[in-house]
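# Fold and contact review
This is what each chain is made of:
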Amino acid sequence: MTQVVIGENEGIESALRRFKRQVSKAGIFPDMRKHRHFETPLEKRKRKAIARRPKRRFQRSN
């Protein structure tokens, strides 16, 4: 769980920036997007196949 304690003379904007930085470092957004809605097995296979495509392009065959 990400927390930001606001200092005595700190503005809300700087605290929000610190919070966003901590959230991005923790990798919360990709996880949140992944769990946003139910994904059927077919959708999961399609997503994984799309993710594999760029990797296959750069592999060399000997």
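All values derive from a computational prediction rather than experimental measurement.

### Points about the overall build of the chain
Along the backbone of the chain there are three helices and zero strands. When its helices and strands are written in sequence order, the chain yields α-α-α. In the chain, which comprises 62 residues, the proportion classed as buried is 5%.

### Some words on the pattern of salt bridges
Applying the stated criterion across every chain, the model contains two salt bridges. We note a salt bridge from E10 to R18, for which the minimum N-O separation is 3.1 Å. Take E10: its relative accessible area is 24%, and that puts it in the partly exposed class. With relative accessibility at 28%, the residue R18 sits in the partly exposed group.

### Points about a positive patch on the surface
A cluster of basic residues, K34, K44, K48 and R52, forms a positive patch on the protein surface. For the positive patch, the element with the highest residue contribution is helix 3 (residues 41-57), accounting for three residues. Residue placement: K48 occurs in helix 3.

### Observations concerning the confidence of the model for the chain
Scored by pLDDT, the chain has a mean of 85; 87% of the residues are at 70 or more. The weakest mean pLDDT in the chain belongs to helix 2 (residues 28-34) at 81; the strongest belongs to helix 1 (residues 12-26) at 92.

### Some details on the environment of Q3
By the element assignment, Q3 lies in the segment before helix 1. Classification of Q3 as exposed rests on a relative accessible area of 64%. The spacing of Q3 and V23 is 20 residues in sequence and 9.1 Å in space, taken between C-alpha atoms.

### So, the side chain of T2
Topologically, T2 is positioned in the segment before helix 1. Note on T2: relative accessible area 18%, which makes it buried.

### What to know about the environment of K20
Tracing the backbone shows K20 in helix 1. The exposure class of K20 is exposed, given its relative accessible area of 52%. For the pair K20 and T2, spaced 18 residues apart in sequence, the C-alpha separation works out to 9.5 Å.

Thresholds applied
- Residues numbered from 1 in each chain as written.
- Predicted model: local features only at pLDDT ≥ 70, side-chain atom pairs only at ≥ 80, totals over all residues.
- Heavy atoms only, no water.
- Helix = DSSP H or I, 4+ residues; strand = E, 2+ residues; numbered from the N terminus.
- Buried < 20%, exposed > 50% of the residue type's maximum accessible area, 1.4 Å probe, protein only.
- Salt bridge = Lys/Arg side-chain N within 4 Å of Asp/Glu carboxyl O.
- Patch = residues over 30% accessible without salt bridge, like charges linked within 9 Å, V, L, I, M, F, W, Y side chains within 5 Å.
- Areas by Shrake-Rupley, 256 points an atom, 1.4 Å probe, with all protein chains shown as cover.
- Lys, Arg positive; Asp, Glu negative; His and termini not counted.
- Charge placed at Lys NZ, Arg CZ, Asp CG, Glu CD.
- pLDDT = per-residue confidence, 0-100.

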